[in-house]
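# Observations on the three-dimensional arrangement
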Amino acid sequence: MTEQHKQPSILDALIPISALILMLGASVYYFGSDSSYGANQIALILCACIAGLVGMKNGMNWSDVEEAMLSGISLAFGAVLILLSVGMLIGSWILSGTVPSMIFYGLHVIDPDIFYLACCAICAIVAITIGSSWTVAGTLGISLIGIAQAMDMSLAITAGAIVSGAYFGDKLSPLSETTNLASAVTGTDLFAHIKNMLWTTAPAIVIALTAFYFLGLGASSQTNPEDIEKLIVDLGASFNISIINLLPLLVLLALAWRKMPAMPTIIIGTLSASLLTVFTQPEALKQMAADTTVLPQLKAIWISLFDGYQSNSGNSQLDELLSKGGMSSMLNTVWLVISAMAFGGVLERTGLLQVLVTRTLTLVKSTGDLIATTVVTCLGINLISADQYISVVLPGRMYKVEFEKRGLSSLALSRTIEDSGTLTSALIPWNTCGAYMAGTLGVATLTYAPYAVFNWICPIIAIAYGYLNIKLLRVEDAEKAA
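Presented here is a report on the structure given in the accompanying data block. For clarity, every value in this text was computed on a predicted model and none was experimentally measured.

## Considerations on the overall build of the protein
Looking only at helices and strands, the protein has 26 helices and 0 strands in total. Relative to the 2.2 N^0.38 estimate, which gives 23 Å for 482 residues, the radius of gyration of the protein is 23 Å and therefore close to what a compact globule would have. Taken over the C-alpha atoms alone, the protein extends approximately 65 × 50 × 40 Å along its principal axes. Here the protein holds 482 residues, and the buried ones make up 57% of them. Nonlocal contacts in the protein, meaning residues at least 24 apart in sequence, comprise 79% of its contacts between residues at least 6 apart. Here the protein has roughly 19600 Å² of accessible surface; of this, 66% comes from carbon and sulfur atoms. For the protein, the distance from the average site of its 21 positive side-chain charges to the average site of its 31 negative ones is 11 Å.

The following block contains the structure:
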């Protein structure tokens, strides 16, 4: 805000927030799990306009508001490009037989009784290795959702297990963007930050794995072996199933391990799958092209990248399972992200977000209050700014001095903003992370959120540690440890 702009009041800040709560509530009431397919976007854009009107009351003009919207949207362009790239990846990996092969082998080796637990554990291990919850969801997650669908398992629980595992691994990986960001914004050593996070993430993942184990008990008795066997046969008839089809997965994991940026990693993973398709899936290419034009293989691959793969096996379950992917499948998610970031941009530029965060400090009386307030602030910023990076950076900057005043180490702050800011982002439908997970896994955010046990239990543990004064490093303790 420039000097001629009037400082907003707490009432000013509450006007667009209250409007958003009412509109999103009405959106969910009228449209339920389909609210993210247009209704939420309308609410976010209208509330961005309301926040802009408040800013204009305080001295801004419409060009300032418009610039704020564009600035907010620009922050999401990286996420938008990744979303579109993942759409291409999914389409190419299905056509190449990569996803069908993972489903084929998974159906042979994964016991339904421990399926949810296995989903969480596998995603956690891979996410630690590559440091990206998004990449894990867009690769292994797609296959695990396919296996769950084939075995008639709950897609909501499966998605919750994938998200839980992916975010646990992401938080403990030195390759993770948000883990590095939380460490940098609070001025803490990266590996000390990761080590300190174990005090909250370890019990949270144990609770999550236990929950997924009990949720899966008896699942084998609900599956129909004949349906699974028919699906396996039809998969083999539609694709040339081979271990060679897993090469694009190995390429992607290797590039991620070498810390190549997300978008080129995904693009190379897509191109490697497309190239593999020419040699391993000639029949699938012929069926996809549906004509005899010059280079029909190129046409089929092209279709899979922009419109996904369309299965016509005659097996309705298999067709539903594999007909997905393509850039076009991500357009609704992109629409949601753009609308949310426009709202968040106006809130930040008008100073309304700053007023809300600053006002919360007046409620802090004890160390437990400070931890709880930080957690709630991170959650609130995720709700209203729709971006996990803002929910890490803003509280990290604003509460750093308060933590120092109370003699708390910056490690206590970095852990708290990770436990809340990063993890709760995947539980909010209009947040970039929640929108990505829903768009990629094909399960609505509010549908899988209750089962993303790790993501919501970790903030609760963080608050409990604050009030019980458990493992909250003080400045002198951190200095001794160093």
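## Structural notes on empty space enclosed by the protein
Under the defined criterion, the tally for this structure stands at 2 cavities of 30 Å³ or more. What lines the second largest cavity is Ile94, Val99, Ile103, Ile142, Gly146, Leu321, Leu322 and Lys324. Secondary structure elements with two or more residues in the lining of the second largest cavity: helix H5 (98-109), helix H7 (133-150) and helix H16 (316-322). Among the residues making up the lining of the second largest cavity, the classes are represented as 6 nonpolar, 1 polar and 1 charged.

## As for the side chain of serine 176
By secondary structure assignment, the location of serine 176 is in the loop between helix H8 (155-171) and helix H9 (177-186). Among the residues examined, serine 176 registers a relative accessible area of 1% and is labelled buried. A polar atom in the side chain of serine 176 sits 3.2 Å from the side chain of threonine 178. In contact with serine 176, other than residues within four places in its own chain, are Gly131, Asp170 and Lys171.

## Observations regarding the packing of aromatic side chains
Given two aromatic rings, their pairing is described by the distance between the two centres and the angle made by the two planes. If you walk through the whole model with that rule in mind, you get 8 aromatic pairs. Centroid distance tyrosine 29 to tyrosine 30: 5.2 Å. Interplanar angle 75 degrees. Geometry classified as edge-to-face. Neither residue differs from the other here; tyrosine 29 and tyrosine 30 are each classed as exposed. Here a set of aromatic residues connected by ring pairs shows up, and it is made of Tyr29, Tyr30 and Phe31. Residue placement shows lysine 471 over the ring face of tryptophan 199; its charged tip is 4.3 Å from the ring centre.

## Here's the deal with the pattern of salt bridges
Side-chain pairing between opposite charges can occur once the charged atoms of the two side chains come close. Taken as a whole and judged by the stated rule, the model has 7 salt bridges. A salt bridge links glutamate 283 to lysine 286; the shortest N-O distance between them is 3.8 Å. Taken together, the positions of glutamate 283 and lysine 286, both in helix H14 (residues 282-289) and 3 residues apart, correspond to about one turn of that helix. Of the residues examined, lysine 286 reaches a relative accessible area of 54% and is grouped as exposed. The partner of arginine 406 in a salt bridge is glutamate 402, and the shortest N-O contact between them spans 3.3 Å. Judged by its relative accessible area of 18%, glutamate 402 is buried. Each of Asp170, Lys171 and Glu418 takes part in salt bridges that share partners, so that together they form one network.

## Some remarks on unusual backbone geometry
Not every positive phi belongs to a glycine, and aspartate 152 is a case in point at roughly 60 degrees. By secondary structure assignment, the location of aspartate 152 is in the loop between H7 and H8. Of note in the backbone geometry, asparagine 469 takes a positive phi value of approximately 55 degrees without being a glycine. As for its placement among the helices and strands, asparagine 469 is situated in the loop between helix H25 (453-468) and helix H26 (475-481).

## Regarding H8
Because each turn of an α-helix spans 3.6 residues, side chains separated by three or four positions end up pointing in the same direction. Given a rise of 1.5 Å per residue, 17 residues ought to cover 24 Å, and the 24 Å separating the end C-alpha atoms of H8 matches this to within 8%. Looking at where H8 begins, the residue whose side-chain oxygen comes 3.4 Å from the main-chain nitrogen of alanine 156 is serine 154.

## Overview of helix H10 (residues 190-216)
The end-to-end C-alpha distance of H10 is 36 Å, a good match for the 39 Å that 27 residues give at a rise of 1.5 Å each. Along H10, the largest kink reaches about 45 degrees and is centred on tryptophan 199; proline proline 203 follows within four residues of it. Every buried residue of H10 is accounted for by Leu190, His193, Ile194, Asn196, Met197, Thr200, Thr201, Ala204, Ile205, Ala208, Phe212 and Gly216. Each element contacted by the buried residues of H10 is listed here: helix H6 (115-130), H8, H9, helix H22 (410-424) and H25. Two to three positions downstream of the cap, the backbone nitrogen of phenylalanine 191 sits 3.2 Å from a side-chain oxygen, assigning the N-cap of H10 to aspartate 189. Just beyond H10, the residue with positive phi is glycine 218, at close to 85 degrees.

## Focus: the environment of threonine 373
Structurally, the position occupied by threonine 373 is in helix H19 (residues 367-385). Taking the relative accessible area as the measure of exposure, threonine 373 reaches 12% and is therefore buried. In this view, threonine 373 contacts Thr360, Val364 and Tyr399; residues no more than four positions away in its chain are not counted. Separated by 2.6 Å, the side chain of threonine 373 and the backbone oxygen of aspartate 369 make a polar contact.

## Looking at the side chain of threonine 374
Of note, threonine 374 is situated in helix H19. Within the local environment of threonine 374, its side chain forms a polar contact with the backbone oxygen of leucine 370, the two atoms lying 2.7 Å apart.

## Quick word on the nonpolar core
In terms of nonpolar packing, the biggest core is built from 150 residues, with Leu107, Phe115, Tyr167, Leu322, Phe343 and Phe454 touching the most fellow members. With 12 residues, helix H4 (residues 77-95) is the largest single contributor of residues to this core. When near neighbours in sequence (up to four residues on either side) are disregarded, phenylalanine 343 contacts Pro16, Ile17, Leu20, Leu44, Cys47, Ala48 and Ile384.

What counts as what
- Residues numbered from 1 in each chain as written.
- Predicted model: local features only at pLDDT ≥ 70, side-chain atom pairs only at ≥ 80, totals over all residues.
- Heavy atoms only, no water.
- Helix = DSSP H or I, 4+ residues; strand = E, 2+ residues; numbered from the N terminus.
- Rg over C-alpha atoms; globule rule 2.2 N^0.38 Å.
- Buried < 20%, exposed > 50% of the residue type's maximum accessible area, 1.4 Å probe, protein only.
- Contact = heavy atoms within 4.5 Å.
- Areas by Shrake-Rupley, 256 points an atom, 1.4 Å probe, with all protein chains shown as cover.
- Lys, Arg positive; Asp, Glu negative; His and termini not counted.
- Charge placed at Lys NZ, Arg CZ, Asp CG, Glu CD.
- 1 Å grid on protein atoms, 1.4 Å probe; cavity = no way out; pocket = protein on both sides within 12 Å on 5 of 7 lines; lining within 4 Å.
- Points joined across faces, edges and corners; volume = space filled by probe spheres on them.
- Nonpolar A, V, L, I, M, F, W, Y, C, P; charged D, E, K, R; others polar.
- Polar contact = N/O pair within 3.5 Å; in protein donor to acceptor, adjacent residues only side chain to side chain.
- Phe/Tyr/Trp six-rings, centres within 6.5 Å; stacked < 30°, edge-to-face > 60°.
- Lys NZ or Arg CZ within 6 Å of the ring centre and 35° of its normal.
- Salt bridge = Lys/Arg side-chain N within 4 Å of Asp/Glu carboxyl O.
- Expected span 1.5 Å × (residues − 1).
- Bend = angle between axes of the 7 residues up to and from the residue.
- Core = buried A, V, L, I, M, F, W, Y, C linked by side-chain atoms within 4.5 Å.

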